[in-house]
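Remarks on the overall topology
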Amino acid sequence: SIAVQPGGAFGGEALSVQPVVRVTDILGNNLVEGDLASTAVTATLTTESNPWEGSVRNGIQTAVRGVVNYAGMSVDKYGYCYMMRFSAPGFDPVDSSPFEVSIGPPTSLSVSTQPGSFRPGYTFGVLPVVSIVDRGGNVVALDALNDRIQVSLMQHNTTAAAT
């Protein structure tokens, strides 16, 4: 059973509330002794709630005396109404309440289209596409009037500025 439901987060960052799962017998009592009291519980996103193809990081934890305390669990992709499915061999899976993963603050640049070949004084055959992304790889929207990405071309220890 789920003792603490997962909370939302920014893409790629730890969930605001880390889930806690209890490994119980058929009567709902915590299994505190024996092999099942230290079973590994896997958290995944349910297929019904995951059209964004998000994935869980730090989603496998081992129970201690029948309690699984997740730490550092995160979901990479932006999405709403995600549901976490907790499963372990020999137990029926249990699904969490829905939660949301928002686009987070910018953390890095991502090149989604590599530039094509070019000759000095001419335009690229294929223009590069560079995006600002959060920790989960989600594209962070730019303010077209105020945000800019500066690109520099480098070859053999020489730099030519480009915009």
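Small disclaimer: the values here were computed from a predicted structure and weren't measured.

In this section: the pattern of salt bridges. Across all of its chains, the model carries three salt bridges by this definition. A salt bridge links Glu-48 to Arg-85, with the shortest nitrogen-to-oxygen separation between them at 3.8 Å. Residue Glu-48 is located in the loop between strand 4 (40-45) and strand 5 (56-57), and its partner Arg-85 is located in strand 10 (residues 84-87); the two are separated by 37 residues in the primary sequence. Accessibility expressed as a relative area gives 62% for Glu-48, which makes it exposed. A salt bridge links Arg-85 to Asp-95, with the nearest nitrogen and oxygen atoms 2.7 Å apart. Highlighted residues: Arg-85 in strand 10 and Asp-95 in strand 11 (residues 94-95), separated in sequence by ten residues. Among the charged side chains, a salt-bridge network with shared partners connects Glu-48, Arg-85 and Asp-95.

Across the two faces of strand 12 (residues 99-102) the burial differs, with Phe-99 and Val-101 buried and Glu-100 and Ser-102 not buried at all. Pairing of strand 2 (residues 9-10) with strand 12 involves two bridges; the strand directions are parallel. Counted as the bridge partner of Phe-10 is Ser-102 from strand 12. Where strand 9 (residues 79-82) lies against strand 12, two bridges are found, and the strand directions are antiparallel. Within strand 12, the position partnered with Gly-79 by the bridge is Val-101.

This paragraph deals with the sheet that holds strand 10. The strand order across the open sheet formed by four strands is 6-4-10-11, and the pairing between neighbours is antiparallel. Among the strands making up the open sheet, the edge pair consists of strand 6 (60-62) and strand 11. Summarising the sheet, strand 10 and strand 11 pair through two bridges and their orientation is antiparallel. Bridge pairing links Phe-86 to Val-94 in strand 11.

Basis of the calculations
- Here the residue index of a chain counts from 1 through its sequence in written order.
- Reporting in this predicted model follows two pLDDT cut-offs: at least 70 for local features of residues, and 80 or more for side-chain atom pairs to be given and counted; totals over whole chains, interfaces and linings ignore these cut-offs and use all residues.
- For side-chain calculations, the full set of non-hydrogen atoms in the structure is used, while hydrogens and water are omitted.
- By definition, a salt bridge exists where a carboxyl oxygen of Asp or Glu is found within 4 Å of a side-chain nitrogen of Lys or Arg.
- For the purposes of this entry, the term helix denotes a DSSP run of H or I that reaches at least four residues, the term strand denotes a run of E that reaches at least two, and both are numbered from the N terminus.
- A simple rule labels every residue: compare its accessible area, found with a 1.4 Å probe on the protein chains alone, to the largest value its type can have, and call it buried under 20%, exposed over 50%, or partly exposed in between.
- Only strands that DSSP links by at least two bridges are regarded as paired with each other.

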